[in-house]
Amino acid sequence: MTQDELKALVGRAALEHVVPGQLVGVGTGSTVNHFIDALAGIKDRFPGAVSSSAASTERLRRHGIPVFEAGEVQRLPVYIDGADEIDHRGFMVKGGGAALTREKIVADLAQRFVCIADESKLVDRLGRYPLPVEVIAMAVSQVARRFAALGGSATVRADVITDNGHTLLDVRGLDIADPLAMEAEINQWPGVVTVGIFARHRASVCLLGTALGVRTLVF
């Protein structure tokens with residue numbers, strides 16, 4: 001199976017985690033696009049979605065699925081999103097689609113985080129994929145120097161401004177041995193909006209697309 005076929009496979013499998021009669025949290029990215037397309041087939045079973053990006057909102061609305069603002073919602077039963085990396089504890093690196101801040105906001109509303117990914121995203125240790133970090137523009141150089149002190153090399157993602165109007169850094173060369181500690185540390189740096197380590201908001205379940213079908217990991 002191609003990588004795109006694996007993404008479509010887990011996108012369809014995620015429908016089983018949508019709670020009938022309840023709003024669903026929807027993430028961002030190519031795998032989630034497959035989930036949104038599959039979601040259109042059961043849109044009569046739930047009232048709508050809370051979206052983590054302008055791109056996902058547009059796709060949901062094209063399918064006739066109502067989109068609610070996060071501020072209108074107190075709790076979601078489930079948030080379904082992809083990952084750039086996920087380890088065997090459910091810790092993730094996210095932000096390849098530049099929506100990491102809003103993804104964390106919607107994930108924080110949810111009782112369960114269901115990660116959908118193809119098998120190439122499963123790693124023993126986070127850090128192979130460049131770590132996305134959303135940063136206020138005036139702090140870019142300052143934050144990049146902090147990463148250099150940790151052994152990382154931060155570069156501005158060219159021609160990308162987040163939905164929040166900020167710059168995105170991609171940091172290479174980091175060894176993320178303790179995701180919880182690193183997430184907490186980086187999030188305290190002045191100018192950082194959000195770091196793309198999802199440790200506090202780790203996955204509850206991962207639906208992993210493999211050549212043999214969907215493999216379910218529970219954390």
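Below is a short write-up of the structure.

What counts as what
- In every chain, residue numbers begin from 1 and rise along the written sequence.
- Restriction of local features to residues with pLDDT of at least 70 applies here, the model being predicted, together with a cutoff of 80 or more for giving and counting side-chain atom pairs; totals for whole chains, interfaces and linings are based on all residues.
- As a convention, hydrogens and water are excluded, and side-chain values are obtained from all of the structure's heavy atoms.
- Think of it this way: any DSSP run of H or I at least four residues long counts as a helix, any run of E at least two long counts as a strand, and we number them from the N terminus.
- To get the radius of gyration, use the C-alpha atoms; to get the globule rule, take the number of residues to the power 0.38 and multiply by 2.2 Å.
- Each residue is placed in one exposure class: buried if its accessible area under a 1.4 Å probe, protein chains only, is under 20% of its type's maximum, exposed if it is over 50%, and partly exposed if it falls in between.
- Every residue pair with non-hydrogen atoms within 4.5 Å of one another is taken to be in contact.
- Per-residue and other accessible areas follow the Shrake-Rupley method at a 1.4 Å probe size, with only the shown protein chains counted as cover for residues.
- Positive: Lys, Arg. Negative: Asp, Glu. His and the chain ends are not part of the count.
- Charge positions come from single atoms, namely NZ of Lys, CZ of Arg, CG of Asp or CD of Glu.
- Here, a strand pair is defined by DSSP locating no fewer than two bridges between the strands.
- Aromatic pairing here means that ring centres of Phe, Tyr or Trp (its six-membered ring) are within 6.5 Å. Orientation follows from the plane angle: under 30 degrees is stacked, over 60 is edge-to-face, and everything else is tilted.
- We count a salt bridge whenever a side-chain nitrogen from Lys or Arg sits within 4 Å of a carboxyl oxygen from Asp or Glu.

Counting its regular elements, the chain contains six helices and 14 strands. In summary, the chain has a C-alpha radius of gyration of 17 Å against a globular reference of 17 Å for 219 residues, a match within 12%. Buried residues in the chain amount to 54% of all 219 residues. When contacts within the chain are restricted to residue pairs at least 6 apart in sequence, those whose partners lie at least 24 apart make up 72%. Total accessible area computed for the chain in this model is approximately 9,900 Å², and 50% of it derives from carbon and sulfur atoms. Side chains of the chain carry 23 positive and 25 negative charges; the gap between the two charge centres is 1 Å.

The next subject is the pairing of strand E7 (residues 113–118). Along E7, six of the six residues are buried, which leaves the element largely enclosed by surrounding structure. A two-sided burial pattern is seen for E7, the buried positions comprising Phe-113, Cys-115 and Ala-117 on one face and Val-114, Ile-116 and Asp-118 on the other. Judged from the three bridges that link them, strand E4 (residues 79–81) and E7 form a sheet pairing that is parallel. Bridge pairing in E7 links Asp-81 to Cys-115. Across five bridges, E7 lies against strand E13 (residues 205–210) in parallel orientation. The residue bridging Cys-115 from the neighbouring strand is Cys-206, located in E13.

For the structure on display, the rule yields three aromatic pairs. Note on Tyr-79 and Phe-113: the rings are 5.1 Å apart at their centroids and 90° apart in plane angle, and the pair reads as edge-to-face. Highlighted residues: Tyr-79 in strand E4 and Phe-113 in strand E7, separated in sequence by 34 residues. For the pair shown, Tyr-79 and Phe-113 are each scored as buried. Ring geometry for Phe-113 against Phe-198: centres 6.5 Å apart, planes inclined by 80°, an arrangement best described as edge-to-face. Here Phe-113 is found in strand E7, whereas its partner Phe-198 is found in strand E12 (residues 197–198), with 85 residues between them in sequence. Comparing Phe-113 with Phe-198, the two get one shared label, buried.

Turning next to the pattern of salt bridges. A full pass over the atoms with the stated rule returns ten salt bridges. Here Glu-103 and Lys-94 are joined by a salt bridge, their closest N and O atoms 3.3 Å apart. Here the two residues Glu-103 and Lys-94 agree in accessibility, since each one is buried. Between Asp-118 and Lys-121 there is a salt bridge whose closest N-O contact spans 2.9 Å. In this structure, a network of salt bridges that share partners links the residues Asp-81, Lys-94 and Glu-103.

The subject of this paragraph is the sheet that holds E4. Read from one edge of the open sheet, seven strands run E3-E2-E1-E4-E7-E13-E14, paired in mixed fashion. Among the strands making up the open sheet, the edge pair consists of strand E3 (67–68) and strand E14 (213–218). Bridge count between strand E1 (residues 24–26) and strand E2 (residues 49–51): three bridges; the pairing is parallel. Within the sheet, the bridge partner assigned to Val-24 lies in E2 and is Ala-49.

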